Amino acid sequence: PADSAIDVGGVVVGWGLEPVVIAGPCAVESREQVLAAAQAVKAAGAAILRGGAFKPRTGPHAFQGLGYEGLEYLAEAGQAVGLPIVTEVMRIDQLEPVAAVADCLQIGARNMQNFDLLKEVGRVGKPVLLKRGISATLEEFLAAAEYVLLEGNDRVILCERGIRTFERALRNTLDLGVVPFLRQVTHLPVIVDPSHALGRRDLVTPMAKAAVVVGATGVMVAVPPDPARALCDGPPSLDPSRFTR
Ligand code: PEP
Ligand code: MN
């Protein structure tokens, strides 16, 4: 019956609390790149640093992430600036090593219904950032969260990141109505990722604001040091100079 307040490395995410800003590059590309991003987002007021080491890419020729090397750079950058870190896990065998350094484990949209992964992540004592599947209904989204909770891990943050609809002008359709709806049906906090939802940087700031207006407990924004040179998701990424609180 009570709302969950989820502590991510000292930063608390929950309904009614100050919205938490999670920011950082889509993918960790080098030690220098993620450190520069970490410094920039910290200076702008972000509370949690994000960065993908293991990247689920649509095409097999696209940059797949630096893997464990990237994880190390992300952890270093987080420590250097004093921000907790969140990063995606794609496979069960990555859970233990990633949980050893990350403050929060991200389950990507493409893995929202990877039930074996969800069960295992439920057995790890770390907060989970669960992203809504590309075409998942809210019932399926909540059922995925339930897989994690059932294994004993009740620290799940839900993330709306856009769904696929008939509309093709934007990358996805940002379903903001879910925020006040989920507020009524679950105790789990809900954050919004406008970068992956819209696919265009000019729409990120207005939709991040809209997310906060409808009650989101946080936003996650892609902010690399140099979006023009990003190996992954440059178009929706905000330049650090445009990312201010
Ligand atoms: C991400 O946040 O890095 C990501 C891959 O997002 P999604 O799983 O929502 O596509
Ligand atoms: Mn991305």
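Structural notes, computed from the coordinates. (Residues numbered from 1 in each chain as written. Chains lettered and ligands numbered in written order. Predicted model: local features only at pLDDT ≥ 70, side-chain atom pairs only at ≥ 80, totals over all residues. Heavy atoms only, no water.)

It is the contact of helix 5 (residues 138-150) with helix 6 (residues 178-185), at a shortest axis distance of 12 Å, that shows an interaxial angle of 50 degrees. Between helix 5 and helix 6, the crossing angle belongs to the class labelled oblique. Viewed along their axes, helix 5 and helix 6 form a crossing whose handedness is right-handed. On helix 6, the residues touching Leu138, Phe141 and Leu142 of helix 5 are Val178, Phe181, Leu182 and Val185. Residues of the contact of helix 5 with helix 6, tallied by class, amount to seven nonpolar, no polar and no charged. (Axes fitted to C-alpha atoms, helices over the stretch in contact; angles between N-to-C directions. Helix = DSSP H or I, 4+ residues; strand = E, 2+ residues; numbered from the N terminus. Parallel < 35°, antiparallel > 145°, perpendicular 65-115°, else oblique. Left-handed = near helix turned anticlockwise from the far one by under 90°. Contact = heavy atoms within 4.5 Å. Nonpolar A, V, L, I, M, F, W, Y, C, P; charged D, E, K, R; others polar.)

Arg50, Lys55, Glu88, Gln106, Gly108, Ala109, Arg110, Lys131, Arg161, His196 and Met220 make up every residue found near ligand 1. A distance of 2.9 Å separates an oxygen atom of ligand 1 from a polar atom in the side chain of Lys55. Between ligand 1 and Lys131, the relevant distance is 2.8 Å, taken from an oxygen atom to a side-chain nitrogen or oxygen of the residue. Protein contact buries 96% of the 300 Å² of open area that ligand 1 shows by itself. Classifying every residue of the shell around ligand 1 gives two nonpolar, three polar and six charged. (Near = heavy atom within 4 Å. Polar contact = N/O pair within 3.5 Å; in protein donor to acceptor, adjacent residues only side chain to side chain. Areas by Shrake-Rupley, 256 points an atom, 1.4 Å probe, with all protein chains shown as cover.)

Moving on, we get to the coordination of the manganese ion (ligand 2). Looking at the manganese ion (ligand 2), one finds its protein donor set to be Cys26 (SG), His196 (NE2) and Asp233 (OD), positioned 2.0 to 2.3 Å from the metal centre. Ordering the donors of the manganese ion (ligand 2) by residue number gives the pattern C-x169-H-x36-D. Taken together, the residues span a long stretch of sequence, with Cys26 in the loop between strand 3 (20-24) and helix 1 (31-44) and Asp233 in the segment after strand 10 (218-222) at a distance of 207 residues. When its relative accessible area of 2% is taken as the criterion, Cys26 is described as buried. (Donors = N, O, S within 2.8 Å, 3.2 Å for Na, K, Ca; no water. Buried < 20%, exposed > 50% of the residue type's maximum accessible area, 1.4 Å probe, protein only.)

Bringing the pairing of strand 2 (residues 11-14) into the picture now. The side chains of a regular strand alternate between both faces of the sheet. Of the pairings in the sheet, the one linking strand 1 (residues 5-8) to strand 2 comprises four bridges and is antiparallel in character. Bridging across to strand 2, Ile6 finds its partner in Val13. Hairpin geometry of strand 1 and strand 2 is characterised by an intervening segment of two residues between the two adjacent antiparallel strands and by a positive phi of about 55 degrees at Gly9. (Pairing = 2+ DSSP bridges.)

For the rest of this paragraph, the subject is the nonpolar core. Residues Leu105, Leu130, Leu158 and Phe243 are the most contacted members of the largest nonpolar core, which totals 61 residues. Per element, the largest residue contribution to this core is six residues, and it comes from helix 2 (residues 68-81). Among the nonpolar cores identified, the runner-up in size contains 14 residues, and Ile6, Ile22, Val86 and Ile191 belong to it. (Core = buried A, V, L, I, M, F, W, Y, C linked by side-chain atoms within 4.5 Å.)

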